[in-house]
Amino acid sequence: MVVLVLVPLIYGIIALNTGDLLWVSPIFNFQPQTITVHCFGEDVYLEAGTEDFVALTQLINQSLTGRKRWDSISISDVTYEEYQSHPKMMVVELTYPKPIRVHSRYKFFSNVDRIIIPLVGRHAQSNAVFGRRFDFPIPGSFHVDDIEPIKNHLTENDLCAEP
């Protein structure tokens, strides 16, 4: 009897706190409108529907599906600008047509319209994923298990290679 009362109560409290009834869902399956690879100071734009666009979308969805750890490390506007132009950084930036929610038990990383994944450079070693909404950074970041398949796809398909 206690379990029948406590489980829905705990679920409901977390759902109210996060503002997300699907906070337990580990699945991330969204289609970006654009993908830009900031490749060591040069931008590479992947066109929607192309083989690389579809493959990269699948790899990113796989990377963001599953367990994620939230951290208070946020992306500043200065870091965001460096990601776009620094000759020693590789970063993938996805833009979505409308805000998306990354389901988790944390309220802080929700309703983003842009996801930034550093692959080489600052924060890349921690598998950080940052979000933005309306050109403003959202608080915190998620850390996923593995971003290496994304980086490997870009280098193996000659989309971005370290100079």
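Residues numbered from 1 in each chain as written. Predicted model: local features only at pLDDT ≥ 70, side-chain atom pairs only at ≥ 80, totals over all residues. Heavy atoms only, no water.

S.K.: What exactly am I supposed to notice about the pairing of strand S2 (residues 42-46) here?
M.R.: On a regular strand, one side chain projects to one face of the sheet and the next to the other, so that they alternate. Across five bridges, the pairing between strand S1 (residues 34-39) and S2 is antiparallel. Within S2, the residue paired with His38 across the bridge is Asp43. Taking the residues between adjacent antiparallel strands as the criterion, S1 and S2 are bridged by two residues, where Phe40 takes a positive phi near 50°. (Pairing = 2+ DSSP bridges. Helix = DSSP H or I, 4+ residues; strand = E, 2+ residues; numbered from the N terminus.)

S.K.: Can you walk me through the environment of Pro87 in this structure?
M.R.: By the secondary structure assignment, Pro87 is in the loop between helix H3 (77-85) and strand S4 (90-100). For the pair Pro87 and Pro163, spaced 76 residues apart in sequence, the C-alpha to C-alpha distance is 8.7 Å. Here Pro87 is in contact with Phe40, Gly41 and Pro163, once residues within four sequence places are set aside. (Contact = heavy atoms within 4.5 Å.)

S.K.: How should the packing of helix H2 (residues 51-64) against helix H4 (residues 148-156) be read in this particular structure?
M.R.: Two numbers describe a pair of packed helices, the interaxial angle and the distance between the axes. The interhelical angle for the contact between H2 and H4, taken along N-to-C directions, is 165°, at an axis separation of 9 Å. Classified by the angle their axes make, H2 and H4 are roughly antiparallel. Relative to H4, H2 is oriented so that their crossing is right-handed. Judged by residue contacts, Asp52, Ala55, Leu56, Leu59, Ile60 and Ser63 of H2 engage Pro149, Ile150, His153 and Leu154 from H4. By residue class, the composition of the contact of H2 with H4 is seven nonpolar, two polar and one charged. (Axes fitted to C-alpha atoms, helices over the stretch in contact; angles between N-to-C directions. Parallel < 35°, antiparallel > 145°, perpendicular 65-115°, else oblique. Left-handed = near helix turned anticlockwise from the far one by under 90°. Nonpolar A, V, L, I, M, F, W, Y, C, P; charged D, E, K, R; others polar.)

S.K.: Looking at this model, I keep getting lost on the nonpolar core. Mind explaining?
M.R.: A general feature of soluble globular proteins is that nonpolar side chains tend to end up buried together. Counting 32 residues, the largest nonpolar core has Val92, Ile115, Ile117, Ile150 and Leu154 as its most contacted members. Counting residues per element, the ones that place at least two in this core are S1, H2, S4, strand S5 (112-120) and H4. Look past the residues within four positions of Ile117 in its chain and what remains in contact with it is Ile60, Met90, Val91, Val92, Leu94, Ala128, Val129, Ile147 and Ile150. In terms of nonpolar packing, the next biggest core, distinct from the first, is built from eight residues, Ile75, Tyr80, Val91 and Ala128 among them. (Core = buried A, V, L, I, M, F, W, Y, C linked by side-chain atoms within 4.5 Å. Buried < 20%, exposed > 50% of the residue type's maximum accessible area, 1.4 Å probe, protein only.)

S.K.: Looking at this structure, how should I read the state of the cysteines?
M.R.: One way to say it: the disulfide is the covalent bond shared by the sulfur atoms of two cysteines. Taken as a whole, this structure holds one disulfide when the rule is applied. The residue that forms a disulfide with Cys39 is Cys160, at a sulfur-sulfur distance of 2.0 Å. Its S-S torsion of about 95° marks the bond between Cys39 and Cys160 as right-handed, since a negative value means left-handed. Within this pair, whereas Cys39 is found in strand S1, its partner Cys160 is found in the segment after H4, the two being separated by 121 residues in sequence. The class for Cys160 is buried, based on a relative accessible area of 1%. (Disulfide = S-S within 2.5 Å.)

S.K.: Hey, could you run me through the side chain of Ser141 in this one?
M.R.: Following the sequence through the fold, Ser141 ends up in strand S8 (residues 141-143). A polar contact is formed between the side chain of Ser141 and the backbone oxygen of Ile73, at a distance of 3.0 Å. Apart from residues no more than four positions distant in its own chain, Ser141 is found in contact with Arg69, Trp70, Asp71, Ile73, Phe109, Val129 and Phe130. (Polar contact = N/O pair within 3.5 Å; in protein donor to acceptor, adjacent residues only side chain to side chain.)

S.K.: Hey, could you run me through the packing of aromatic side chains in this one?
M.R.: Per the counting criterion, the structure on display carries one aromatic pair. With a centroid separation of 5.1 Å and 65° between ring planes, the pair formed by Phe28 and Phe30 is classed as edge-to-face. With a relative accessible area of 3%, Phe28 lands in the buried category. The cationic tip of Arg132 hangs over the ring face of Tyr80; the distance from NZ or CZ to the ring centre is 4.0 Å. (Phe/Tyr/Trp six-rings, centres within 6.5 Å; stacked < 30°, edge-to-face > 60°. Lys NZ or Arg CZ within 6 Å of the ring centre and 35° of its normal.)

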